[in-house]
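Residue-level structure breakdown
The lines below spell out each chain.
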Amino acid sequence: MATAGKVIKCRAAVAWEPNSPLVIEEIEVAPPQKNEIRIKVIATGLCHSDLYHLFEGKHKDGFPAVLGHEGAGVVESVGPGVTEFKPGDKVIPLFISQCKECRFCKSPKTNLCEQSWSSDRYAQMSATDTRFTCRGKPILQFMGTSTFSEYTVMNQIAVAKIHNDARLERVCLLGCGISTGYGAAINTAKVEPGSVCAVFGMGAVGLAAVMGCKSAGASRIIAVDINEEKFEKAKVFGATDFVNPKAHQKPISEVLIDMTNGGVDYSLECVGNVTVMRSALESCVKGWGVSVLVGWTHLHDFSARPIQLIAGKTWKGTLFGGYKGKDSVPQLVLDYMAGRIKLDEFVTHTMSLEQVNDAIQLMKTGGCIRTIINVSK
């Protein structure tokens, strides 16, 4: 391609500082270096983790940055040493790499990778190295990806090659939210047929967790949210019962215990709120109940009474639904193409890159499930 080996100037939504609107800027994207590929981003979802960094985490060393980590695109060019990808390949950037060589990648017990930005920079949510500049300043690549840019550069260990017929403005959602919630139920909780589940939070991640519980054969799936307008959507993904904690005088854990003869077999917290995390644990049945932390936060400690775990409950966490990205994301794309998992039903709005602040406002007010941003034609 004519742009190979050259700096590309393109549009991106830059977060210059926390708590401020994103600014559409012209940025410079350097050519890929050794083992890197440059990707033309076609579409991206807006995920709550983007909002978390901007409005909650607000780490001073995490700005300026280009947000976005739920994207899909086409390979524009490759750097030296890249053999797995070629220009024109359809790909999904991964915020957790899979080098296939470190002890974590070699272990079937985890999807973490020692080569990932997240190994030691959870608070900043980016590596220090970047291929972006704007107004003469380096711009960080949020979660290693930065899909709110027409072009991005990534190491090949953090990119999944997908089927050439995949619909990019849908499968981009597999780059984070849907894989995270679905995998939390399937891979981390390991929901069993006939079990009773409760999912806290009916955003996209929570709805995907509901879908995972249904796929695993759960007999009852209780959707918990303070916004009752989301219950109709939860029904589409397989929820059987619906509870608004604000509609009850007693704690939500007691409500669920009463509904389920002692507590649910599995609970999944998809909000990122430490108080809700404790409620989810307390909603589980003693002896074998499993509660999974799915929602992202790095700000607060959580607590529980030791007897809860001593009595046999298990508390565990999940990142990206436990999926090893390069291995699993291509298969999830095929599952969508074959109708085995839903993606279309998550999409409530479609916007342009210039409307990214409108999309953020929509998510802040709970007015959407997932907004797809068309980044490039």
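Before reading further, recall that the structure is shown in the block above.
The paragraphs below set out a description of the structure included in this document. Values in this document were obtained by computation on a predicted structure and should not be read as measured data.

As for the pairing of strand E15 (residues 290-293)
Remember that side chains alternate between the two faces of the sheet whenever the strand is regular. Burial of the side chains of E15 extends over both faces: Val-290 and Val-292 are buried on one face and Ser-291 and Leu-293 on the other. With 4 bridges connecting them, strand E14 (residues 266-269) and E15 associate as parallel partners. Paired with Tyr-266 across the two strands is Val-290, which belongs to E15. Once the chain exits E14 it traverses helix H8 (residues 274-282) before rejoining the sheet at E15, and the crossover so formed is right-handed. In the sheet, E15 pairs with strand E16 (residues 314-317) via 4 bridges, with the strands oriented parallel. Across the sheet, the residue bridging to Ser-291 is Trp-315, located in E16.

So, the sheet that holds E15
Ordered by their spatial adjacency, 6 strands build an open sheet running E13-E12-E11-E14-E15-E16, and the pairing between neighbours is parallel. Each having just a single partner strand, strand E13 (241-243) and E16 make up the two edges of the open sheet. Direction aside, neighbouring strands of the sheet carry axes that sit 20° apart on average. Helix-sheet contacts for H8 involve strand E11 (196-200), E14, E15 and E16, and the interaxial angle to E14 is about 175°.

Observations regarding helix H7 (residues 252-259)
All of the buried residues along H7 are Ile-252, Ser-253, Val-255 and Leu-256. The arc enclosing the buried residues of H7, seen along the axis, measures out at 160°, which places them on a common side. Where H7 is buried, its residues touch E11, strand E12 (220-224), E13 and H8. Just downstream of H7 lies Asn-261, where phi reads positive at about 60°.

Structural notes on the state of the cysteines
Applying the stated rule across the entire model yields 0 disulfides. Considering cysteine sulfurs only, Cys-113 is the nearest to Cys-105, which forms no disulfide, with 3.7 Å between them. Using a relative accessible area of 10% as the deciding quantity, one classes Cys-105 as buried.

What about the packing of helix H4 (residues 177-189) against helix H5 (residues 204-215)?
Helix-helix packing is characterised by the crossing angle of the two axes and by the distance between the axes. Where H4 meets H5, the closest approach of the two axes is 7 Å, and the angle between their N-to-C directions is 40°. In terms of orientation, H4 and H5 fall into the oblique class. Here H4 runs over H5; the crossing is right-handed. Contacts between H4 and H5 involve Gly-177, Ile-178, Thr-180, Gly-181, Tyr-182, Ala-185 and Ile-186 from the first element and Ala-204, Val-205, Ala-208, Ala-209, Met-211, Gly-212, Cys-213 and Ser-215 from the second. The residue makeup of the contact of H4 with H5, split by class, is 10 nonpolar, 5 polar and no charged.

Here's the deal with the pattern of salt bridges
On inspection of all chains with the given rule, the structure shows 19 salt bridges. With a closest N to O distance of 3.6 Å, Asp-344 and Arg-170 form a salt bridge. You can see Asp-344 sitting in the loop between helix H10 (325-337) and strand E17 (347-352) and its partner Arg-170 sitting in helix H3 (residues 168-171), a full 174 residues away along the chain. Judged by its relative accessible area of 34%, Asp-344 falls in the partly exposed class. Judged by its relative accessible area of 12%, Arg-170 is buried. Across the pair Arg-220 and Asp-241 runs a salt bridge whose closest N-O atoms are separated by 3.0 Å. Of the two residues, Arg-220 is situated in strand E12 and Asp-241 in strand E13; the sequence distance between them amounts to 21 residues. Given the relative accessible area of 25%, Arg-220 is considered partly exposed. Each of Arg-11, Glu-150 and Glu-354 takes part in a single network of salt bridges with overlapping partners.

With respect to the nonpolar core
One finds Phe-148, Val-171, Leu-268 and Phe-346 to be the most contacted residues of the largest nonpolar core, which totals 98 residues. Examining the composition of this core, we find that 8 residues originate from one element, H5, more than from any other. In this structure, Leu-268 is in contact with Ala-184, Ala-185, Ala-198, Val-199, Phe-200, Ala-209, Cys-213, Val-292 and Val-294, ignoring residues within four places of it in sequence.

Observations regarding the packing of aromatic side chains
When we look at a pair of aromatic rings, we describe it by the centre distance and by the angle of the planes. Counted according to the given criterion, the structure contains 4 aromatic pairs. Seen in terms of ring centroids, Phe-237 and Phe-346 are 4.4 Å apart; in terms of plane orientation they differ by 35°. Their pairing is tilted. Note that Phe-237 is positioned in helix H6 (residues 231-237) and Phe-346 in the loop between H10 and E17, a separation of 109 residues in sequence. Side by side, Phe-237 and Phe-346 carry an identical accessibility label, which is buried. Consider the rings of Phe-302 and Trp-315, whose centres lie 4.7 Å apart with planes at 70°: the pair is edge-to-face. With a gap of 13 residues between them, Phe-302 in the loop between E15 and helix H9 (306-310) and Trp-315 in strand E16 connect regions that are remote in the sequence. Take Phe-302: its relative accessible area is 42%, and that puts it in the partly exposed class. Directly above the ring of Phe-55 sits Lys-364, whose terminal nitrogen or CZ lies 4.1 Å from the centroid.

Analysis parameters
Residues numbered from 1 in each chain as written. Predicted model: local features only at pLDDT ≥ 70, side-chain atom pairs only at ≥ 80, totals over all residues. Heavy atoms only, no water. Buried < 20%, exposed > 50% of the residue type's maximum accessible area, 1.4 Å probe, protein only. Helix = DSSP H or I, 4+ residues; strand = E, 2+ residues; numbered from the N terminus. Pairing = 2+ DSSP bridges. Right-handed = clockwise from strand over helix to strand, strands pointing away. Axes fitted to C-alpha atoms, helices over the stretch in contact; angles between N-to-C directions. Contact = heavy atoms within 4.5 Å. Arc of directions from axis to C-beta. Disulfide = S-S within 2.5 Å. Parallel < 35°, antiparallel > 145°, perpendicular 65-115°, else oblique. Left-handed = near helix turned anticlockwise from the far one by under 90°. Nonpolar A, V, L, I, M, F, W, Y, C, P; charged D, E, K, R; others polar. Salt bridge = Lys/Arg side-chain N within 4 Å of Asp/Glu carboxyl O. Core = buried A, V, L, I, M, F, W, Y, C linked by side-chain atoms within 4.5 Å. Phe/Tyr/Trp six-rings, centres within 6.5 Å; stacked < 30°, edge-to-face > 60°. Lys NZ or Arg CZ within 6 Å of the ring centre and 35° of its normal.

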